[in-house]
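Here is how the chains run, residue by residue.
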Amino acid sequence: MKSTTKEINGFPFESYRHEEYTTEQMRHRSQEFYQWLNQRRTVRDFSNRPVPVDVINQIILAASTAPSGAHKQPWTFVVVTDAAVKKQIREAAEKEEYDSYHGRMSDEWIEDLKPLQTDWTKEFLETAPYLIVVFKKAYDIRHDGSKRNNYYVNESLGIACGFLLAAIHHAGLVALTHTPSPMNFLTKILKRPENERPFLLIPVGYGADETFVPKLTRKPLSEIVQYI
Ligand SMILES: Cc1cc2nc3c(=O)[nH]c(=O)nc-3n(C[C@H](O)[C@H](O)[C@H](O)COP(=O)(O)O)c2cc1C
């Protein structure tokens, strides 16, 4: 349908209609979407099989459709493919993770991670064909160098990364949401400007030929919802 436009207080608006479904279709679609999303798993064993870069670009475009505070879109997706840079990232991440696993994390945290059997080694940072490093823009910088505020940056980034993970799953690829802590080595290695802070480090690719993931259960609806 052709969209019409109008001005409100001097600002352009366009008419918008979203697709509606019958009740039965809604039931079917929401159930199907849940079942499909419920297949997504975090994978830690990657294949080095190549993935076309245009697929990665489409995935990032999908992430960038996320809502953001005052439509500031306060994100940069840095895609690392260079083997030397990946090696640098792996070495820096493993250094931080070694310290985390050997004293920085609380006993409770270490205990909570046991079912996942993760440790300080991060081979996937070199194996996965792409590392998408998501940076949040704490503020924007105007042409004259002055700062311009962004709003609800963490919330906006969280939603965009959710879209990103769903798009990766939709493309038939796998991802790991990785948070080596602290992550500021990424700003340095990737030479990011001072207004950008690393948010998530997400290796993307195919799973290894034989992939195992922890057998986890997700909370039932009764534990996560309250209707009032
Ligand atoms: C914010 C965040 C940080 C995470 N950090 C790590 C990480 O550093 N290393 C890792 O192996 N998994 C990490 N994960 C993955 C979780 O362990 C995983 O999502 C959880 O165990 C549930 O598994 P599933 O994603 O397969 O459902 C992280 C997930 C989130 C959302």
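Preceding block: the structure.
This report concerns the structure included in the present document. (Residues numbered from 1 in each chain as written. Predicted model: local features only at pLDDT ≥ 70, side-chain atom pairs only at ≥ 80, totals over all residues. Heavy atoms only, no water.)

## Here's the deal with the packing of helix 2 (residues 53-63) against helix 6 (residues 153-170)
Argument step 1. It is at 7 Å that the axes of helix 2 and helix 6 come closest, and there the two elements cross at 145°. The hand of the helix 2/helix 6 crossing is right-handed. For the pair formed by helix 2 and helix 6, the contact residues are Ile59, Ile60, Ala62 and Ala63 on the first element and Ala160, Phe163, Leu164, Ala167 and Ile168 on the second.
Argument step 2. Split into classes, the residues belonging to the contact of helix 2 with helix 6 amount to nine nonpolar, no polar and no charged. (Axes fitted to C-alpha atoms, helices over the stretch in contact; angles between N-to-C directions. Helix = DSSP H or I, 4+ residues; strand = E, 2+ residues; numbered from the N terminus. Left-handed = near helix turned anticlockwise from the far one by under 90°. Contact = heavy atoms within 4.5 Å. Nonpolar A, V, L, I, M, F, W, Y, C, P; charged D, E, K, R; others polar.)

## Remarks on the environment of Arg44
Argument step 1. Here Arg44 lies in the loop between helix 1 (23-37) and helix 2.
Argument step 2. Separated by 16 residues in sequence, Arg44 and His28 place their C-alpha atoms 32 Å apart.

## Considerations on a nonpolar patch on the surface
Argument step 1. A contiguous nonpolar patch, built from Leu221, Ile224, Val225 and Tyr227 and spanning about 490 Å² of accessible area, is present on the exposed surface.
Argument step 2. Looking at the secondary structure, you find Val225 in the segment after helix 8 (221-224). (Patch = residues over 30% accessible without salt bridge, like charges linked within 9 Å, V, L, I, M, F, W, Y side chains within 5 Å. Areas by Shrake-Rupley, 256 points an atom, 1.4 Å probe, with all protein chains shown as cover. Salt bridge = Lys/Arg side-chain N within 4 Å of Asp/Glu carboxyl O.)

## What about the sheet that holds strand 4 (residues 130-137)?
Argument step 1. Pairing is antiparallel in the open sheet, where four strands are placed in the order 3-4-8-7. The sheet is open, and its two edges are formed by strand 3 (75-80) and strand 7 (174-175), each paired on a single side.
Argument step 2. As defined by bridge partners, strand 3 adjoins strand 4 across six bridges and the pair is classed as antiparallel. Across the sheet, residue Val80 finds its bridge partner in strand 4, namely Leu131. (Pairing = 2+ DSSP bridges.)

## Looking at the site of the ligand
Argument step 1. In the region of the ligand, the neighbouring residues are Arg40, Arg41, Thr42, Arg44, Leu116, Thr118, Leu176, Thr177, His178, Thr179, Leu216 and Arg218.
Argument step 2. Here Thr179 contributes a side-chain N or O atom positioned 2.8 Å from a nitrogen atom of the ligand.
Argument step 3. For the ligand, an oxygen atom lies 2.7 Å from a polar atom in the side chain of Arg218.
Argument step 4. Within the shell around the ligand, the residues separate by chemical class into three nonpolar, five polar and four charged. (Near = heavy atom within 4 Å. Polar contact = N/O pair within 3.5 Å; in protein donor to acceptor, adjacent residues only side chain to side chain.)

## Looking at the side chain of Thr76
Argument step 1. You can see Thr76 is positioned in strand 3.
Argument step 2. Judged by its relative accessible area of 17%, Thr76 is buried.
Argument step 3. A distance of 2.9 Å separates polar atoms of two side chains, one belonging to Thr76 and the other to Glu196.
Argument step 4. Thr76 has contacts with Val133, Val134, Phe135, Lys137, Arg192 and Glu196, leaving out every residue within four places of it along the chain. (Buried < 20%, exposed > 50% of the residue type's maximum accessible area, 1.4 Å probe, protein only.)

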